[in-house]
Amino acid sequence: MDVAFGVTMMVMGMGVTLITLYLLSLVIGLLVKLFPYKAEEEKQE
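Here's a quick rundown of the structure. What you are looking at is a predicted structure, and each value in this text was computed from that prediction instead of being measured. (Residues numbered from 1 in each chain as written. Predicted model: local features only at pLDDT ≥ 70, side-chain atom pairs only at ≥ 80, totals over all residues. Heavy atoms only, no water.)

Concerning the overall build of the protein chain
And step 1. Helix and strand counts for the protein chain come out as two helices and zero strands.
And step 2. In the form shown here, the protein chain has an accessible surface area of approximately 4600 Å², with 74% of it arising from carbon and sulfur atoms. (Helix = DSSP H or I, 4+ residues; strand = E, 2+ residues; numbered from the N terminus. Areas by Shrake-Rupley, 256 points an atom, 1.4 Å probe, with all protein chains shown as cover.)

Below, the structure is given as structure tokens:
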């Protein structure tokens, strides 16, 4: 039982980690679209 519980917790931990990374990538992508990068050279012209 202890091995099954350990494997279950390991798989769930990896799954939650991957879901969290995916959600962070979506948020970062949204922020990039809302606030596009502008080089300093473009601002001075």
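Quick word on a nonpolar patch on the surface
And step 1. There is a patch of nonpolar side chains on the surface, built from V3, V7, M10, V11 and M14 and spanning about 480 Å² of accessible area.
And step 2. The topology assignment puts V3 in helix α1 (residues 2–34).
And step 3. Among the residues examined, V3 registers a relative accessible area of 65% and is labelled exposed. (Patch = residues over 30% accessible without salt bridge, like charges linked within 9 Å, V, L, I, M, F, W, Y side chains within 5 Å. Salt bridge = Lys/Arg side-chain N within 4 Å of Asp/Glu carboxyl O. Buried < 20%, exposed > 50% of the residue type's maximum accessible area, 1.4 Å probe, protein only.)

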